[in-house]
Amino acid sequence: MKLAVIGKDVSKSDSPKMHTFIARNMGNDITYDAISIPEDAFENWIDGVISRYDGFNVTIPYKLSVMPRLKSIEGDAALFGAVNTVRCSDLSGHNTDGLGFMLMLKNNGVETNGKKVLLLGAGGAGRAVAKKLVQGGAAVCVYDRNIKSSLSLKDDCPQVTVLNSVEPADYDIAINATGVGMHKTEGLSPVGEDVLSRVGVAVDLIYVPAESAFLRIAKGLGKPTINGQAMLFYQAYYAECIYFGARPSDEQAKALFEKYLKEVN
């Protein structure tokens, strides 16, 4: 099966490595390419990608742009209004980000039902996370520097509480979905010790660096921390199940991730 990931710049993506590992260990044979597409070239490129590949993953900034080319939007893709996995045989769009996130929490022993969550960031990743947390019975308080993003999320998911600022308060889980702490903002954290001192567990969707400033501060305060690598791996696992029509297994996903950490990471 011929697969790929598309995005504005996927030159450093771990997706080819992860998908190839997962497919091989599930007994499937694939090739997996990384295709960087300039934003002004997307419309000219996308039909060629659809015709040449059996399936592909979609990352920033094309999770919405690809949707008009598809015949159906399935499951969480409809819930989130964004697609991260395309199966070309039936032109179906899927989203495995939320499933990957929730399995990451589960496999780290983090319960969501009845818990109070501070979510930092209401962009694409934040929206997916917020909706799955609400589904999982959590009370979600969301803050984004751009209040319009938070209000847009609340329009889609009325159960969330929009914060105008982040004040220290008791939260069971604090999640960084902002991107602050990677690339040009490496070494920075969206919140400081005052906020993180009162949370139960700190989760950062960033996985490069492996320990962001957000997680480093939380760890220094004695808090359990989780970075986003497992989420990326698990969403890739669920995507592979979609491509090959396999039934997902939480136990298989966890075992594969542990093997990946030992053999590849």
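Residues numbered from 1 in each chain as written. Predicted model: local features only at pLDDT ≥ 70, side-chain atom pairs only at ≥ 80, totals over all residues. Heavy atoms only, no water.

K.L.:
In this structure, what is going on with the sheet that holds strand β9 (residues 161-162)? I would like to understand it.
P.N.:
Backbone hydrogen bonds hold the strands of a sheet together, and the pairing may be parallel or antiparallel. The strand order β9-β8-β7-β10-β11-β12 describes an open sheet built from six strands, whose pairing is parallel. Every other strand in the sheet has two partners, leaving β9 and β12 (225-226) as the edge strands with one partner each. As paired elements, strand β7 (residues 116-120) and strand β8 (residues 139-143) share five bridges and run parallel to each other. Its bridge partner lying in β8, L118 is registered against C141. Relative to strand β11 (residues 199-204), helix α4 (residues 97-107) is tilted by about 135°, and along the sheet it contacts β10 (171-176), β11 and β12. Strands β7, β10, β11 and β12 of the sheet are contacted by helix α8 (residues 213-220), whose axis makes an angle of about 155° with β11. (Pairing = 2+ DSSP bridges. Helix = DSSP H or I, 4+ residues; strand = E, 2+ residues; numbered from the N terminus. Contact = heavy atoms within 4.5 Å. Axes fitted to C-alpha atoms, helices over the stretch in contact; angles between N-to-C directions.)

K.L.:
Honestly, the state of the cysteines in this entry has me stumped. Any pointers?
P.N.:
Taken as a whole and assessed by the stated rule, the structure comprises zero disulfides. Between C141, a free cysteine, and C157, which holds the nearest cysteine sulfur, the sulfur-to-sulfur gap is 12 Å. In this structure C141 comes out as buried when scored by relative accessible area, which is 10%. Considering cysteine sulfurs only, C88 is the nearest to C241, which forms no disulfide, with 18 Å between them. By relative accessible area, which is 3% here, C241 ends up buried. (Disulfide = S-S within 2.5 Å. Buried < 20%, exposed > 50% of the residue type's maximum accessible area, 1.4 Å probe, protein only.)

K.L.:
Explanation requested: the side chain of K132 in the structure shown.
P.N.:
With respect to the helices and strands, K132 occurs in helix α5 (residues 124-135). Not counting the four nearest positions on each side in its chain, K132 is found in contact with D76, F80, G98, L99 and M102.

K.L.:
Teacher, can you tell me more about the nonpolar core here?
P.N.:
Proteins that are soluble and globular tend to have nonpolar side chains buried together. F101, L133, I175 and F233 are the most contacted members of the largest nonpolar core, which totals 42 residues. Looking at which element gives the most residues to this core, the answer is helix α9 (residues 229-244), with nine residues. When near neighbours in sequence (up to four residues on either side) are disregarded, L133 contacts F101, M102, L105, T112, V117, A138, V140 and I175. Ranked by size, the runner-up nonpolar core spans 20 residues in total, among them V49, I50, Y53 and L70. (Core = buried A, V, L, I, M, F, W, Y, C linked by side-chain atoms within 4.5 Å.)

K.L.:
Would you explain the pairing of β10 in this entry?
P.N.:
Every other side chain in a regular strand lies on the same face of the sheet, so the side chains alternate between the two faces. For β10, the tally of buried residues reaches five of six residues, placing the bulk of the element in the interior. Looking at chain direction, β7 and β10 are connected through four bridges and run parallel. Paired with L118 across the bridge in β10 is A174. Pairing between β10 and β11: five bridges, direction parallel. For I175, the partnering residue across the bridge sits in β11 and is V203.

K.L.:
What exactly am I supposed to notice about the packing of aromatic side chains here?
P.N.:
By convention here, two paired aromatic rings are described through the distance between centres and the angle between planes. By the definition in use, this model includes eight aromatic pairs. Taken together through their ring pairs, the aromatic side chains of F21, F233, Y234, F257 and Y260 make up a single cluster. K2 extends its terminal NZ or CZ atom over the ring of Y53, reaching a point 5.2 Å from the ring centre. Its guanidinium or amino end placed over the ring of Y171, K116 lies 5.0 Å from that ring's centre, counting from NZ or CZ. (Phe/Tyr/Trp six-rings, centres within 6.5 Å; stacked < 30°, edge-to-face > 60°. Lys NZ or Arg CZ within 6 Å of the ring centre and 35° of its normal.)

What is shown is where atoms sit, not what they do.
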